[in-house]
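Reading the structure
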Amino acid sequence: MYDDILFPTDGSDAAEAALDAAIAAADAHDATLHVLYVADTNQHSLANIQGQVTDVLEGEGQKIVEDAAARARNVGVDTVDEVIQGGPSETICEYVDNRGIDLVVMGTRGSRDIERIILGSVTERVVRNTTVPVLVVPPESDPEYPPESLLVGTDGSEGSAAAVDEGLDIAEAAGGTLHVVSVLDSNVLGIDIGSSQIDEAREQRDAAALAPARERAEERGVAVETAVEEGDVVDRLNGYVDDHGVDLVVVGTHGRTGLDKRILGSVTENLMRSASVPVLSVRASGE
């Protein structure tokens, strides 16, 4: 299902943690792995070495991509490595469009790293702006790919439907179990809602979001489990991951413009920062 996978790297610990997942995904799908280093043109990088003007970042980047590509080739993965000058997130998105990339695999910062809570990280910008799925790998995780158990969070929206499609494809290819979970957000339900109203909301969510996923999974021979949870969406999905030994979370994201594009707080971005396992974001077609 993936033919060309992009692994952007800056040689950081966060990127190194994602490399194994990128190699495993490329190996599982018999895909070509593209290893990319972006020499950030926003940073001063020229140096005069023995009378020769040299771009230090390009030199560092070449070593980084060659080392990463060598690790992939050692396990039989076809690999392309490249160093390109430009702004990191913009260059990554352009590379996706120009090279027919199907999947991007990226690292994110550790839970104690202040960069993990600052708007504007390269990973978040790529998730928001690229049209292909992005697999975000936290450094604390031990990625399992292909996943034996994966969770799709859904609310019945177009973005969620795209996530269910992607989750079904991965589960079918991997022979894994698909968990489809919908969370009734406590902030939306309110504190005065009665038990009968909660039961009605659960039934409506099951019919609208879970029943179609169950039917499609059963048609394709994919083992599926579904659940409706109540509470904070991110907390409940993370709790489900821990309780059920989930290896991968798949969630939908939506294209945004203007001010909304710069505001933190989406379920996808909060999961990227807090989940203990890799998170795959999927954009609805046409967005």
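So, a few notes on the structure that sits alongside this text. Keep in mind that this is a model prediction, so the values were computed, not measured.

1. Focus: the sheet that holds strand E1 (residues 4-8)
Two orientations exist for strands paired in a sheet by backbone hydrogen bonds: parallel and antiparallel. In space, the 10 strands of this open sheet follow the order E5-E2-E1-E6-E7-E12-E11-E8-E9-E10, with mixed pairing throughout. Edge strands, defined here as strands with exactly one partner in the open sheet, are strand E5 (79-86) and strand E10 (224-231). Adjacent strand axes in the sheet meet at a mean angle of 25° when their direction is disregarded. Sheet topology places strand E9 (residues 177-185) next to E10; 8 bridges connect them, and they run parallel. Note that in E10 the partner of Leu-184 across the bridge is Glu-230.

2. Topic: the side chain of Ser-281
By the element assignment, Ser-281 lies in strand E12 (residues 279-283). Beyond its immediate stretch of four places on either side in the chain, Ser-281 contacts Val-127, Pro-133, Val-134, Val-251, Thr-253 and Thr-268.

3. Quick look at the pairing of strand E11 (residues 248-253)
The buried fraction of E11 amounts to 6 of the 6 residues, a majority that puts the element mostly inside the structure. Burial along E11 is two-sided: Leu-248, Val-250 and Gly-252 facing one way and Val-249, Val-251 and Thr-253 facing the other are all buried. Relative to E11, strand E8 (residues 149-153) runs parallel, the two being bridged by 3 bridges. Looking across to E11, one finds that Leu-150 is bridged to Leu-248.

4. As for a negative patch on the surface
On the surface, a cluster of negative charge is contributed by Asp-3, Asp-27, Asp-30 and Asp-78. With respect to the element layout, Asp-78 can be found in the loop between helix H2 (56-73) and E5. What makes Asp-78 exposed here is its relative accessible area of 53%.

5. Focus: the environment of Val-224
Its location among the elements puts Val-224 in strand E10. In this structure the C-alpha to C-alpha distance between Val-224 and Thr-177, which are 47 residues apart in sequence, comes to 5.7 Å.

6. Brief notes about the packing of helix H8 (residues 233-244) against helix H9 (residues 267-274)
Packed helices, taken two at a time, are described by the angle their axes make and the gap between the axes. Where H8 meets H9, the axes come as close as 10 Å, and the angle between the chain directions of the two elements is 45°. As far as their axial angle goes, H9 and H8 are oblique. Crossing hand, H8 versus H9: right-handed. Between H8 and H9, the contacting residues are Val-233, Val-234, Leu-237 and Asn-238 on the first element and Val-267, Asn-270, Leu-271 and Ser-274 on the second. Residue classes in the contact of H8 with H9 are distributed as 5 nonpolar, 3 polar and no charged.

7. As for helix H1 (residues 13-28)
Taking 1.5 Å per residue as the helical rise, H1 with its 16 residues ought to reach 22 Å, and the 24 Å between its terminal C-alpha atoms agrees with that figure. The largest bend along H1 reaches roughly 25° and is located at Leu-19. What H1 keeps buried is the set Ala-14, Ala-15, Ala-18, Leu-19, Ala-21, Ala-22, Ile-23, Ala-25 and Ala-26. Of the residues one or two after H1, Asp-30 is the one with positive phi, at around 55°.

8. Describing unusual backbone geometry
Omega for the peptide link from Tyr-145 to Pro-146 comes to 0°, which places this bond in the cis form. Structurally, Pro-146 is set in the loop between strand E7 (134-137) and E8. In this structure, Asp-30 takes a positive phi of about 55° despite not being glycine. Taking the relative accessible area as the measure of exposure, Asp-30 reaches 71% and is therefore exposed.

9. A short note on the nonpolar core
The tendency in soluble globular proteins is for nonpolar side chains to be buried side by side. Counting residues in hydrophobic clusters, the biggest one holds 49 residues, and the most contacted among them are Ile-5, Phe-7, Leu-33, Val-105, Leu-178, Val-250 and Leu-280. Leu-178 has contacts with Leu-150, Val-152, Gly-167, Leu-168, Ala-171, Val-222, Ala-223, Val-224 and Glu-225, leaving out every residue within four places of it along the chain. With 31 residues, the next largest nonpolar core counts Val-126, Val-134, Ala-227 and Val-249 among its residues.

The rules behind each value
- Residues numbered from 1 in each chain as written.
- Predicted model: local features only at pLDDT ≥ 70, side-chain atom pairs only at ≥ 80, totals over all residues.
- Heavy atoms only, no water.
- Pairing = 2+ DSSP bridges.
- Helix = DSSP H or I, 4+ residues; strand = E, 2+ residues; numbered from the N terminus.
- Axes fitted to C-alpha atoms, helices over the stretch in contact; angles between N-to-C directions.
- Contact = heavy atoms within 4.5 Å.
- Buried < 20%, exposed > 50% of the residue type's maximum accessible area, 1.4 Å probe, protein only.
- Patch = residues over 30% accessible without salt bridge, like charges linked within 9 Å, V, L, I, M, F, W, Y side chains within 5 Å.
- Areas by Shrake-Rupley, 256 points an atom, 1.4 Å probe, with all protein chains shown as cover.
- Salt bridge = Lys/Arg side-chain N within 4 Å of Asp/Glu carboxyl O.
- Lys, Arg positive; Asp, Glu negative; His and termini not counted.
- Charge placed at Lys NZ, Arg CZ, Asp CG, Glu CD.
- Parallel < 35°, antiparallel > 145°, perpendicular 65-115°, else oblique.
- Left-handed = near helix turned anticlockwise from the far one by under 90°.
- Nonpolar A, V, L, I, M, F, W, Y, C, P; charged D, E, K, R; others polar.
- Expected span 1.5 Å × (residues − 1).
- Bend = angle between axes of the 7 residues up to and from the residue.
- Core = buried A, V, L, I, M, F, W, Y, C linked by side-chain atoms within 4.5 Å.

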